[in-house]
Amino acid sequence: MLHDFTNLFEDLARSFTPASLICLLSIILLVAPTKCQLANQEPQQQQQQMATVSDLPIYRLHQFDMFGSRYGSRSAQLNFEARTVASGQLNRKCVVARVQELSGAVIKRLVQDNVGAILVLVPPALLQDPTGIPTETRAALHSLEQDLWGDSIPVPVYFLAETPDFSRVFEDMRRIDQSNDFNSPLRLIANSVLGNTYHVAARSAQSKPIDSLEFVAMHGFLYPQASSAAAAAAGVAHQGGSEGTIVISAYMDWFGSVPTLGRGFDSNGSGMLLLLRLARLLSYYYGMPGVRPKYSVLFLLTSGGKLSYFGTKRWIEDNLESPDSTVLARVVMALCLDSVGLEPAVNLHVSKLPKEGTLMHAFYDRMRKHSEKPDLVQLRQKKINLANEWLPWEHERFSIKRLPGLTLSQCPSHSDCSHRLSVLDRRIDWQQLDSNYRTVAKSLLDLLLNPSTNVTDEQMMKHVYNDVDDSGDPQSAWTSYAQLLEHDHRSYHNLRRSDPYVQTLQSMLSPLVKDYRLVAFKPDRKEPEVVVYDASDSVLSVYIVKPALFDLFLAGLITAYLAIVFGFVVHFHRIAGLCLAPLLALLSSGARQSNGGKSTH
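Computed from a predicted model, the values in this text were never measured in an experiment.

The rules behind these values
- Sequence order as written defines residue numbering, which begins from 1 separately in each chain.
- pLDDT decides what is reported in this predicted model: residues at 70 or higher carry local features, side-chain atom pairs at 80 or more are listed and counted, and totals for whole chains, interfaces and linings draw on all residues regardless.
- Note that the side-chain values use all heavy atoms of the structure and ignore hydrogens as well as water.
- To qualify as a helix, a DSSP run of H or I must reach at least 4 residues; to qualify as a strand, a run of E must reach at least 2; elements of each kind are numbered from the N terminus.
- Residue exposure (1.4 Å probe, protein chains only): buried if accessible area is under 20% of the type maximum, exposed if over 50%, otherwise partly exposed.
- Contacts between residues were defined by any pair of non-hydrogen atoms, one from each residue, lying within 4.5 Å.
- Exposure was quantified through the Shrake-Rupley algorithm and a 1.4 Å probe, taking into account, for residues, occlusion by the shown protein chains and nothing else.
- When the sulfur atoms of two cysteines come within 2.5 Å, that pair is taken as a disulfide.
- Whether a set of points on the 1 Å grid over the protein atoms alone is a cavity depends on a 1.4 Å probe fitting there but being unable to get out, while an open set qualifies as a pocket with protein on both sides within 12 Å along at least five of seven lines; lining residues are those with an atom within 4 Å of a point.
- Grid points are joined across faces, edges and corners, and a volume is the space filled by probe spheres set on the points.
- In the scheme used here, Gly and all other residues not listed as nonpolar or charged are polar, with Ala, Val, Leu, Ile, Met, Phe, Trp, Tyr, Cys and Pro taken as nonpolar and Asp, Glu, Lys and Arg as charged.
- How far each domain reaches was decided by an automatic or database domain assignment.
- By this definition, two strands are paired if DSSP reports at least two bridges between them.
- Here the arc refers to the directions that run from the helix axis out to each C-beta atom.
- In plain words, nonpolar cores are sets of buried Ala, Val, Leu, Ile, Met, Phe, Trp, Tyr and Cys residues tied together by side-chain atoms within 4.5 Å.
- To get an axis, fit a line to the C-alpha atoms, keeping to the stretch in contact for a helix; angles then go from 0 to 180 degrees between the N-to-C directions.
- The definition of a polar contact used here is a pair of N or O atoms within 3.5 Å, where within protein one atom must be able to donate a hydrogen and the other to accept one, and adjacent residues in sequence count solely through side-chain atom pairs.
- To pair, rings of Phe, Tyr and Trp, with the six-membered ring standing in for Trp, must have centres within 6.5 Å; the planes then decide the type, stacked if under 30 degrees apart, edge-to-face if over 60, and tilted in the middle.

1. A few points about the overall build of the protein
Summing up its helical and strand segments, the protein has 18 helices and 19 strands in all. Looking at the protein as a whole, 49% of its 601 residues are labelled buried. Counted over contacts in the protein with a minimum sequence separation of 6, partners at least 24 positions apart contribute 81%. On the protein, roughly 29100 Å² of surface is accessible, and the fraction owed to carbon and sulfur atoms is 54%.

Set out below in structure tokens:
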């Protein structure tokens, strides 16, 4: 009977085909998750304690090409595992660091280490009021911006305002990197396979050139009444005042290391506001009966200021090369306004020192005469470097075309005015801007009005101050203009003729002037001097994931597990025979002994 049982067992083992593996695996898969869940209960609880965040706005480092050179971050796609600077594994990872931990040298080292991307954490106060940022952090951010300005970086570089939620994520990243002991290979391998990590991803495609890029320029005239009447009687266009035309110019956009993050309050919001208020004041005098100014005034607002004043360059070339244009026919001085809203110093930057008896020297004399601090009014000369396409001052665009010009700025030199390119430029001292406005306004009126004009100094000062209310608050005079500084589209690559910001400026300037004109210039399509790229900002999400090696490790375990099960099923009869052979032998021996005992009886 036992022999029959053994034969039956062996027949069942041989008849067990690999097809039976399906049923066996189904049972295993139903049972295994419950067991794994109980075994991994503590890691899951730890994972739930780790924070995740999403929909965080991030701002990319600038990207543009200028005069054949490439600048800024050359990539925009962000989808990498996250690491801190202290991590020893940075290859194809996104390095997340606070601004105090980075510098130009550190970023160059990270690029050499083949990082995938760089995410710079800045204080959230930067989005509102940077004055609350600690001095050390401001200095670190300012230094980093200067280091990044002229570099070409092949990886994406984004800036993120560090929220409380992301601060917790960042501390988790630090804890994970500190737990990795790079001096212990076994521990490093274990953490690389079984540990948790963060993954950052941005909703951004690869950047591409902006085909619709425009550089906008708007201008309008104020003509002396006598010249205007004579020209109208003759049926010809205005040719300026009896002694020529004075150009008052400023650029209206902002540009820096992170174009969509900054606002450029002082540079060049202050210059733009000063121009608008001068236009308002002078339009009153040019419309006053009996007043005969000596010069016509042309007000000019352009874009592309920080791109070597590309908008001004194209506007000048367009008017000089056009045979029908007489806009620049009788220019005697170009006064450019740049960064005049923070300091009491007034510097007149020129390419060539003006001689006595010239209009520019007369303007300098009047600036010293009407300034409350004449010692702070200085003439500063810097010759134009024709070999360098980057021009630091706007008046140099006029001087290159042999049009006399100067730039009025609080900065003693372009190298000492680095906040002009900084995202920290979000403040104007309204009292100081108002003081500079009064000095420039009185100097211009003194220069423009004939001595025989029946306007007393008292009347002149009354109209200069006519915007200040009874409270005596200087900011009250600038309230109607201040909204322009907060506009979201003041960045150079967002401006179009149809942009609301441009339309607002147009509505403020055009009623004050004559022969108003708005034009837009596009870079040459075949050989563009300027190429600007999109994908300037995006939205960031942070996830908790297992390392990439974990998938490979898990796949290996599953493969080995299936191989063992498959081999067990295929060779079940052999394994069963080996395991049951001693038992069968023992049973057979006992059976024989029992049969032998019965036979003796």
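2. Looking at the state of the cysteines
Within this structure, the stated rule accounts for one disulfide. The side chain of C411 participates in a disulfide bridge whose partner is C417; the two sulfur atoms lie 1.7 Å from each other. Here C411 matches C417 in class, with each residue buried.

3. Here's the deal with empty space enclosed by the protein
Counting across every chain of the model gives three cavities of 30 Å³ or more. Reported here for the largest cavity is a volume of approximately 50 Å³. The wall of the largest cavity is formed by R60, L61, H62, Q63, P259, Y492, H493, V532, Y533, D534, A535 and S536. Class assignment for the residues of the lining of the largest cavity results in six nonpolar, four polar and two charged. Each of two domains, domain 1 (52-208 + 537-552) and domain 2 (215-526), supplies a minimum of three residues to the lining of the largest cavity. Roughly 40 Å³ of internal volume is contained in the second largest cavity. When residues of the lining of the second largest cavity are traced back to their parent elements, those giving at least two are β4 (79-84), α6 (164-179) and β9 (197-202). Partitioned by chemical class, the residues of the lining of the second largest cavity number four nonpolar, two polar and two charged.

4. Points about the pairing of strand β2 (residues 63-66)
Of the two faces of β2, the one lined by Q63 and D65 and the one lined by F64 and M66 are each fully buried. Counted along the chain from β2 to the antiparallel partner strand β3 (residues 69-73), the turn is two residues long, and its residue F67 has a positive phi close to 55 degrees. Relative to strand β18 (residues 530-532), β2 runs antiparallel, the two sharing three bridges. The residue of β18 that forms the bridge with D65 is V531.

5. A look at the sheet that holds β18
Spatial ordering of the open sheet is given by β7-β3-β2-β18, a layout of four strands whose pairing is mixed. Each end of this open sheet is capped by a strand with a single partner; those strands are β7 (152-153) and β18.

6. Comments concerning the layout of surface pockets
Approximately 570 Å³ is the volume attributed to the largest pocket. As for the largest pocket, its lining consists of 25 residues, of which W149, P392, H414, R420 and L421 are closest to the centre. The biggest single contributor to the lining of the largest pocket is helix α5 (residues 135-149), with four residues. Its residues assigned to classes, the lining of the largest pocket comprises eight nonpolar, twelve polar and five charged. Each of domain 1 (52-208 + 537-552) and domain 2 (215-526) accounts for three or more of the residues forming the lining of the largest pocket.

7. A few points about helix α4 (residues 104-112)
Residues three or four positions apart in an α-helix share a direction because the helix packs 3.6 residues into each turn. The set of residues buried in α4 consists of G104, V106, I107 and L110. Projected down its long axis, α4 shows its buried positions confined to an angular sector of 160 degrees, all on one face. Opposite the buried face of α4, at more than 90 degrees from it, the exposed residues are A105, K108 and Q112. Packed against the buried residues of α4 are β5 (94-98), β6 (117-122), α5 and β7. In the segment just after α4, N114 is the residue with positive phi, at about 65 degrees.

8. Topic: the nonpolar core
In this structure, F299, L301, F363 and L408 are the most contacted members of the largest nonpolar core, which totals 63 residues. In terms of residue count, helix α9 (residues 265-286) provides more of this core than any other element does, twelve residues in total. Residues contacting L408, with those up to four places away along its chain left out, are L335, C336, L337, D338, V340, V346, N347, L348, F363, M367 and V440. With 29 residues, the next largest nonpolar core counts L110, I133, L141 and I153 among its residues.

9. A short note on the sheet that holds strand β15 (residues 377-381)
The pairing of strands in a sheet comes from backbone hydrogen bonds and takes either a parallel or an antiparallel form. Strand order in this open sheet of eight strands is β15-β14-β16-β13-β11-β12-β10-β17, and the pairing throughout is mixed. Strands with a single pairing partner mark the edges of an open sheet, and in this sheet they are β15 and β17 (514-521). Across the sheet, the axes of successive neighbouring strands diverge by a mean angle of 20 degrees, strand direction being ignored. Note that strand β11 (residues 245-251) and strand β13 (residues 331-337) share five bridges and pair parallel. Residue pairing across strands places T245 opposite V331, the latter belonging to β13.

10. Side note on the environment of T407
Mapped onto the fold, T407 is located in strand β16 (residues 405-409). Residues T407 and H395 lie twelve residues apart in sequence; the distance between their C-alpha atoms is 5.6 Å. Setting aside its immediate chain neighbours within four residues, T407 contacts C336, D338, N347, L348, H349, W393, E394 and H395. Side-chain polar atoms of T407 contact the side chain of H395, separated by 2.8 Å.

11. Concerning the packing of aromatic side chains
The full count for this structure, using the stated rule, is eleven aromatic pairs. Summarising the aromatic geometry, the rings of W149 and W390 are spaced 6.3 Å apart at their centres and angled 70 degrees between planes, so their arrangement reads as edge-to-face. On the criterion of sequence distance, the pair formed by W149 in helix α5 and W390 in the loop between β15 and α12 (395-400) is long-range, its members being 241 residues apart. Centre to centre, the rings of F221 and Y223 are 5.1 Å apart; their planes meet at 10 degrees, and the pair counts as stacked. Exposure remark for F221: the relative accessible area of 8% places this residue in the buried category. Cluster of aromatic residues (ring-pair linked, three or more members): F64, Y71, W149, F255 and W390.

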